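# A structural walkthrough
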There are 2 protein chains.
Amino acid sequence: MRSEMGGARASFGLRLLQLARLWRQAVDAEIQKTIFPDSGWRVLVWLSRTGEKLRQKDLAAIMAIEGPSLVRLLDNLDKAGLVRRELDTGDRRARRLVLTPAGREAALAIEARLTAVEAELLAGFSDEELAACSALLGRLDQRLQARRGGAG
Amino acid sequence: MRSEMGGARASFGLRLLQLARLWRQAVDAEIQKTIFPDSGWRVLVWLSRTGEKLRQKDLAAIMAIEGPSLVRLLDNLDKAGLVRRELDTGDRRARRLVLTPAGREAALAIEARLTAVEAELLAGFSDEELAACSALLGRLDQRLQARRGGAG
DNA sequence: TAGGAACAGATACCGTGCGAACTATCCCGC
DNA sequence: GCGGGATAGTTCGCACGGTATCTGTTCCTA
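Computed from a prediction, not measured in an experiment: that's the story for all the values here. (Residues numbered from 1 in each chain as written. Chains lettered and ligands numbered in written order. Predicted model: local features only at pLDDT ≥ 70, side-chain atom pairs only at ≥ 80, totals over all residues. Heavy atoms only, no water.)

### Describing the relation of the copies chain B and chain A
Quick note on the threshold: Copy-to-copy superposition: least squares on the C-alpha atoms, limited to residues that have pLDDT of at least 70 in both copies. Contact criterion: two residues are considered in contact whenever any of their non-hydrogen atoms come within 4.5 Å of each other.
For the pair chain B and chain A, the best superposition has an RMSD of 0.1 Å and corresponds to a rotation of 180° with a translation of 0.0 Å parallel to the axis. Seen this way, the second copy is the image of the first under a two-fold rotation axis. Closest approach to the rotation axis among the C-alpha atoms of chain B is made by B:C133, whose C-alpha sits 2.5 Å away. Interface residue correspondence from chain B to chain A reaches 96%, placing this contact among same-surface, isologous pairings.

### Topic: the sheet that holds strand β2 (residues 83–87) of chain B
Residues and elements named next belong to chain B. Definition in use: Here, strands pair whenever DSSP counts at least two bridges between them. Each helix is a run of H or I in the DSSP string that is no shorter than four residues. Each strand is a run of E no shorter than two, and both are numbered from the N terminus. In this analysis an axis means a line fitted to C-alpha atoms, helices contributing only their contacting stretch, and an angle means the value between N-to-C directions, from 0 to 180 degrees.
Taken in spatial order, the three strands line up as β1-β3-β2 in an open sheet, and their pairing is antiparallel. Every other strand in the sheet has two partners, leaving β1 (54–55) and β2 as the edge strands with one partner each. As judged from the five bridges shared by β2 and strand β3 (residues 95–99), these two strands associate in the antiparallel manner. The partner of L87 across the bridge, within β3, is R95. The strands touched by helix α3 (residues 41–50) within the sheet are β1, β2 and β3, with β3 carrying the most contacts at an inclination of about 95°.

### Focus: the protein's contact with DNA strand D
The cut-off we apply is this: It suffices for a single heavy atom of a residue to lie within 4 Å of a molecule or strand for the residue to be listed as near it. Whenever a nitrogen or oxygen atom comes within 3.5 Å of another N or O atom, the pair is scored as a polar contact, on the condition that within protein one atom can donate a hydrogen and the other can accept it, and that pairs from neighbouring residues in sequence are kept only if both atoms are in side chains. Three residue categories are used. Nonpolar comprises Ala, Val, Leu, Ile, Met, Phe, Trp, Tyr, Cys and Pro, charged comprises Asp, Glu, Lys and Arg, and polar comprises the others, including Gly.
Near DNA strand D there are 23 residues, and of these A:Q56, A:K57, A:R93, B:S39 and B:S69 occur at the shortest range. Counting only the atoms of DNA strand D that lie within 4 Å of the protein, the sugar and phosphate share comes to 67%. Within the contact set of DNA strand D, a phosphate oxygen lies 2.6 Å away from a backbone nitrogen or oxygen of A:K57. Per-element tally for the surface near DNA strand D: the top contributor is helix α5 (residues 67–79) of chain B, with four residues. Class assignment of the residues belonging to the surface near DNA strand D gives a composition of seven nonpolar, four polar and 12 charged.

### Thoughts on α3(B)
Residues and elements named next belong to chain B. Just so we agree on the cut-off: Whether a residue is buried, partly exposed or exposed follows from its accessible area with a 1.4 Å probe, protein chains only, as a fraction of its type maximum: under 20%, in between, or over 50%, in that order.
The element α3 is extensively covered by neighbouring structure, given that seven of its 10 residues are classed as buried. Buried within α3 are the following residues: W41, R42, V43, L44, V45, W46 and L47. G51 lies just past α3 and shows a positive phi near 75°.

### Details of the state of the cysteines
Worth spelling out the cut-off: Only a pair of cysteine sulfur atoms within 2.5 Å qualifies as a disulfide here.
A complete count under the given rule lists one disulfide over all chains for this structure. Disulfide pairing is shown between A:C133 and B:C133; the S-S distance is 2.5 Å. On the S-S bond that ties A:C133 to B:C133, the torsion sits near 50°, and the link is right-handed. Separated into two different chains, A:C133 in helix α7 (residues 127–149) and B:C133 in helix α7 (residues 127–149) make up a pair that spans both.

### A few points about the protein's contact with DNA strand C
By nearness alone, 23 residues border DNA strand C, and A:S39, A:E66, A:S69, B:Q56 and B:K57 come closest of all. B:Q56 places a side-chain nitrogen or oxygen 2.8 Å from a phosphate oxygen of DNA strand C. At a separation of 2.6 Å, a phosphate oxygen of DNA strand C approaches a polar backbone atom of B:K57. Elements represented by at least two residues in the surface near DNA strand C include exactly α5 (67–79) of chain A together with α2 (12–34), α4 (56–63) and α5 of chain B. At four residues, α5(A) tops the list of elements feeding residues into the surface near DNA strand C.

### Focus on the interface of chain B and chain A
Which entries qualify depends on this criterion: When two parts are brought into contact, each loses some accessible area as probed by a 1.4 Å sphere; the total of that loss over both is the buried area. When a carboxyl oxygen of Asp or Glu is within 4 Å of a side-chain nitrogen of Lys or Arg, the pair counts as a salt bridge.
Listed by partner, the interface residues are 56 residues for chain B and 55 residues for chain A. The junction of chain B with chain A conceals about 6100 Å² of combined surface from both sides, 62% of it contributed by carbon and sulfur atoms. If you look at where chain B meets chain A, you find two salt bridges. Between B:R139 and A:E129 there is a salt bridge; the shortest N-O distance is 2.8 Å. On the surface where chain B and chain A come into contact, there are 17 residue pairs in polar contact (both at pLDDT 80 or more). Looking at the side of chain B that touches chain A, the elements that each hand over two or more residues are α1 (3–10), α2, α3, α4, α6 (101–121) and α7 of chain B. When grouped by side-chain class, the residues that make up the side of chain B that touches chain A number 29 nonpolar, nine polar and 18 charged.

What follows is the structure, encoded as structure tokens:
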């Protein structure tokens, strides 16, 4: 592999994939061992952050996962009493997702732990370089989402 | 604290996870529909890039996956006649991984397509910002790998 | 040199993501 | 109003990641 600038371009994708897996392992380990011994805590975080009665379709879109992937997560959270699927008064096909009090409490604890872990993982990086990198990733994200929906 | 910069810090992990999934979907779709209708093409790329008779343990380490995860990929590639597991003359526990001629050919085709797709996805980003971002991700990668192996 | 720890790889099983196919409901045109 | 296409959610089976455990081999040491 070349070590010039082109190298960053060539190995960017593989680096991204490995990094995401490692990041997920690290964060999951922290959250699951300290607070919430189940996956699907990401659903709680998103629901807590948006704070609205989302429909499943919208939550799936926000989380950038597919409907069926979300269903199983919600089944578990529902069984655990953390999330309820309320009926939508206007559309009997749809469900409105709401956190139960226990779910809201769990979400807050997870958010706190998540913030701590991520801060630890990102310690030593300057705000400026993180913001620049995050902006680049954000643009890439938009491009990929557009590509997924629109023409390939 | 600096709330505008803190945003990048707080959402960095979630962004990373979503982005990696989207990236993988985009690249997998391109590779699988044009060249190689199976996953595990990443194994071919790595074997082709290192070019040596790696042991499975070493390849797993390079790819940052676990041994058992690699075994299944190799089973498929072996069945497809793209990779062979040769006996190590010095250590009868170990296997040396080699690409068959068909495997080498497939790897080259995949590399070419991969380069094209990634170039397309990264078009519009400057070499400088990509290098900076990639360097940051690389440091983060090292930190996560160390964390996984060593103390939490 | 016999015995046990360490190690490479394989196997079995679980979690999480996906797409395809299905059900129930909505909406649009007639 | 009603038949057909679109939409929200579910179910099912597949792919790929992981851990725990097993087998065979090596290596170290008493």
